[in-house]
Amino acid sequence: MSLTNTLLTTVLREAGREVSRKQFLTLAGRGLAVGVTAGALASCQEQSSSTPAGAAATPTTGTPAADVDAATTYTAPDGQKIPSSEAASPPAQVPADVEKPIKLEEWKSDVDPQSGPTPTPLPPDRRVGYALVGLGHLTLEELLPAFGECKKSKPVALVSGSPEKLKKVAAQYGIKPESCYSYENYEKLKDNPEVKAIYIVLPNSMHAEYVIRGAQTGKHILCEKPMATSPEECQAMIDACNKAKVKLMIAYRIQYEPYNRLVRDMIRDKKYGEVQYIQAQNSQSSANPDHWRHKKALAGGGALPDIGLYCLNTTRFLLGTEPTEVFAYSYSTPGNPLFKEVEEMMTFQLRFPNGIIADNITHYNTHDSRFYRVNTKRGWLHLNNAYAYQGQQLQTSHAEGKAKMENHITIPTKNQFAAEMDHFSACILDNKKPHTPGEEGLQDHRIMAAIYQSAREGRPVKLPAVQGTDVFRGPEPA
Ligand code: NAD
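Quick summary incoming for the structure in this document. Predicted model, so just to flag it, every value in this text is computed and none were measured.

The rules behind the values
Residues numbered from 1 in each chain as written. Predicted model: local features only at pLDDT ≥ 70, side-chain atom pairs only at ≥ 80, totals over all residues. Heavy atoms only, no water. Pairing = 2+ DSSP bridges. Helix = DSSP H or I, 4+ residues; strand = E, 2+ residues; numbered from the N terminus. Contact = heavy atoms within 4.5 Å. Axes fitted to C-alpha atoms, helices over the stretch in contact; angles between N-to-C directions. Near = heavy atom within 4 Å. Polar contact = N/O pair within 3.5 Å; in protein donor to acceptor, adjacent residues only side chain to side chain. Areas by Shrake-Rupley, 256 points an atom, 1.4 Å probe, with all protein chains shown as cover. Nonpolar A, V, L, I, M, F, W, Y, C, P; charged D, E, K, R; others polar. Salt bridge = Lys/Arg side-chain N within 4 Å of Asp/Glu carboxyl O. Buried < 20%, exposed > 50% of the residue type's maximum accessible area, 1.4 Å probe, protein only. Parallel < 35°, antiparallel > 145°, perpendicular 65-115°, else oblique. Core = buried A, V, L, I, M, F, W, Y, C linked by side-chain atoms within 4.5 Å.

**Regarding the sheet that holds strand S20 (residues 461-462)**
In step 1: Strands sit in the order S19-S18-S17-S16-S12-S15-S14-S13-S20 across an open sheet of nine strands; the sheet is mixed. A single partner strand is all that each edge strand has here, and the edge strands are strand S19 (403-409) and S20.
In step 2: Here strand S17 (residues 379-384) runs beside strand S18 (residues 393-400); their pairing, made up of six bridges, is antiparallel. In the strand pairing of S18, Gly379 is matched with His398.
In step 3: Against the sheet, helix H9 (residues 258-268) contacts strand S12 (275-285), strand S16 (365-376), S17, S18 and S19, and its axis sits at roughly 170 degrees relative to S17.
In step 4: Across the sheet, helix H13 (residues 438-457) touches strand S13 (325-331), strand S14 (345-351) and S20, and the angle it forms with S13 is around 60 degrees.

**Comments concerning unusual backbone geometry**
In step 1: Following Gly116, the chain continues into Pro117 via a peptide bond in cis, with omega recorded as 0 degrees.
In step 2: By the element assignment, Pro117 lies in the loop between strand S5 (103-104) and strand S6 (128-133).
In step 3: At the junction of Lys225 and Pro226, the peptide bond is cis and its omega measures out at -15 degrees in the coordinates.
In step 4: Inspection of the secondary structure puts Pro226 in the loop between strand S10 (220-223) and helix H8 (231-244).
In step 5: Phi at Asn354 is positive, roughly 65 degrees, even though this residue is not glycine.
In step 6: Relative to the assigned elements, Asn354 resides in the loop between S14 and strand S15 (357-363).

**Considering the site of the ligand**
In step 1: Near the ligand there are 23 residues, and of these His137, Asn204, Lys225, Arg253 and Trp292 occur at the shortest range.
In step 2: Arg253 is positioned with one of its side-chain polar atoms (N or O) 2.6 Å from an oxygen atom of the ligand.
In step 3: Contacts to the ligand include His291, whose side-chain N or O atom sits 3.2 Å from an oxygen atom.
In step 4: In the complex, 82% of the free accessible area of the ligand, which totals 820 Å², lies under the protein chains.
In step 5: Elements represented by at least two residues in the shell around the ligand include exactly helix H5 (137-146) and helix H11 (303-319).
In step 6: Of the residues assigned to the shell around the ligand, the class counts are twelve nonpolar, five polar and six charged.

**Details of the pattern of salt bridges**
In step 1: In this structure the tally under the stated criterion is 25 salt bridges.
In step 2: The closest approach of N and O atoms between Lys152 and Glu99, which form a salt bridge, is 3.3 Å. In this pair, Lys152 is assigned in the loop between H5 and strand S7 (153-159) and Glu99 in the loop between strand S4 (92-94) and S5, connecting sequence segments 53 residues apart.
In step 3: Residue classification places Glu99 among the partly exposed residues on the basis of a relative accessible area of 39%.
In step 4: With a closest N to O distance of 3.6 Å, Glu406 and Lys404 form a salt bridge.
In step 5: Where salt bridges share partners, they join Arg268, Arg316, Glu322, Glu440, Asp444, Asp470 and Arg473 into one cluster.

**Concerning the packing of helix H7 (residues 207-215) against H8**
In step 1: Two numbers describe how H7 lies on H8: the axes approach to 9 Å, and their chain directions differ by 10 degrees. Taken as axis vectors, H7 and H8 run roughly parallel relative to one another. Every residue of H8 that contacts H7 at His207, Ala208, Val211, Ile212 and Ala215 is listed here: Glu233, Ala236, Met237, Ala240, Cys241 and Ala244.

**Let's talk about the sheet that holds strand S9 (residues 197-200)**
In step 1: Spatial strand order, S8-S7-S6-S9-S10-S11: six strands in an open sheet with parallel pairing. For this open sheet the edge positions go to strand S8 (180-181) and strand S11 (248-250), each flanked by a neighbour on one side alone.
In step 2: Pairing analysis gives four bridges linking S9 to S10, with the strands arranged parallel. Of the residues in S10, the one forming a bridge with Tyr199 is Leu222.
In step 3: The strands touched by helix H6 (residues 163-173) within the sheet are S7 and S8, with S7 carrying the most contacts at an inclination of about 160 degrees.

**So, the side chain of Ser369**
In step 1: Residue position: Ser369 is located in strand S16.
In step 2: If we skip the residues at most four places from it in the chain, Ser369 touches Gln281, Asn282 and Ser283.

**Section: the environment of Glu99**
In step 1: C-alpha of Glu99 to C-alpha of Lys151: the two residues are 52 residues apart in sequence and 9.6 Å apart in space.
In step 2: Setting aside residues no more than four positions away along its own chain, Glu99 makes contact with Thr120, Leu122, Arg126 and Lys152.
In step 3: In terms of polar contacts, Glu99 uses its side chain to reach the side chain of Lys152, at 3.3 Å.

**A few points about the pairing of S15**
In step 1: Relative to S15, S12 runs parallel, the two sharing seven bridges. The partner of Gln281 across the bridge, within S15, is Ile361.
In step 2: Relative to S15, S14 runs antiparallel, the two being bridged by seven bridges. Following the sheet pairing, Gln349 is matched in S15 by Asp359.
In step 3: If you look at the hairpin formed by S14 and S15, you'll find five residues sitting between the two strands, and Asn354 has a positive phi there, around 65 degrees.

**Observations concerning the nonpolar core**
In step 1: In this structure, Ile200 and Leu248 are the most contacted members of the largest nonpolar core, which totals 67 residues.
In step 2: Here this core gets eight residues from one element, more than from any other, and that element is H11.
In step 3: Not counting residues within four places of it along the chain, the set of residues in contact with Ile200 comprises Val133, Tyr186, His207, Tyr210, Val211, Ile221, Leu222, Cys223 and Glu224.
In step 4: Ranked by size, the runner-up nonpolar core spans 29 residues in total, among them Leu135, Leu138, Ala146 and Phe424.

Treat this as a map of the structure, not an account of what it does.
Put into structure tokens, the structure is as follows:
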């Protein structure tokens, strides 16, 4: 029995055959279920009878309840007539342009955080279609579900070596059987007009090949981090995309994540004065020595390119400048099969202009720990779970007179993967350079090569000086 029917039965049993509207609503737990149903119905009726599709309707006025027909009743399952809810549509501004938000009637005071704007999803036929290459953890656990929160992106094709996975996942996400490909016939994506972008989600050493082959199909390419396994591969990937005149973006989700973006803005606005030094950590634990992450040929390295990269890339993103020197120390427990081929731990210091030091550690053999603290002249900003998929916690500290002010700041969250994919889609739709293009990935690989060299040689390694701010990044995401 539905909630509404249960409520009706209760109401009628309690109140006899004749119930007033007031009694009904009180007894029915304020009439929520009934009110919602009637409200939705009335608003559809209003829409279909007033504004023609696509026409501007700014602003609409509220529809008085009396106009909807307050006198109507509806029939309960046992034939009883129940007074209908007094449905009304409060004033709202409804721009005809789908990319402009509907502006609803305000009701919150400025004492509380404000809500909105309402989302502006593109209709499905205007969204950018993606082919996902590799159906592993990231694709199945994060990316495919994240399309549900996308406004400009949709999954339209899959590439995998497993026919069973292709069949099941395609059915789950409404992807046509003919839009499922193996690695061997990957190039056939060229002939699929629904595919506008290819998202490479394969082991690191396969990124270069699949980006280069993908670019040759004429589709735009979004590639997971780390971009590749060497600066040389990165350059070849950039060249292939330039030659094919397709866009290349590296999936640095943190640069699209609201808390990290807020910290960056506070730093750049010198909210608590100049940055003095940064401490960052990204660590986790693994247990399967046969996984590609523990094979040098497939992973390119261990903790550094997989998770230490977040400390490196995010620090560069926060400051906007580039390090001039690195100093690193690496360790792997002797005899541990997990770390026979790749490093277990890397600690690395980055020296930035103006004497700023970033002190980073990444570890493959500790409990999950992902945070950074930006120490400034007049305070600090600490982001816990900084590199996690969710759960960022921002704390700041500064002094006011005799008081030490420690604040917890909360802001609305966003699915990072949806934000990142929608940014790439917007770049394709508006023909813009991505905020995190191939050049951003190449710079990280130049620095990681210097970090490995420093750890190997036990001395600091200098990097070429780079003038300017955000020189490897494209325009800001909208
Ligand atoms: P995974 O092992 O779960 O999936 C990799 C998939 O690649 C496999 O399912 C398989 O289908 C395919 N594959 C093809 N050839 C393979 C081979 N020779 N060996 C192993 N797999 C092969 O890995 P994942 O965790 O999904 O990582 C994939 C990529 O995504 C990596 O580059 C990784 O760094 C990146 N990643 C990024 C994030 C992020 O937050 N942005 C998180 C996790 C992983």
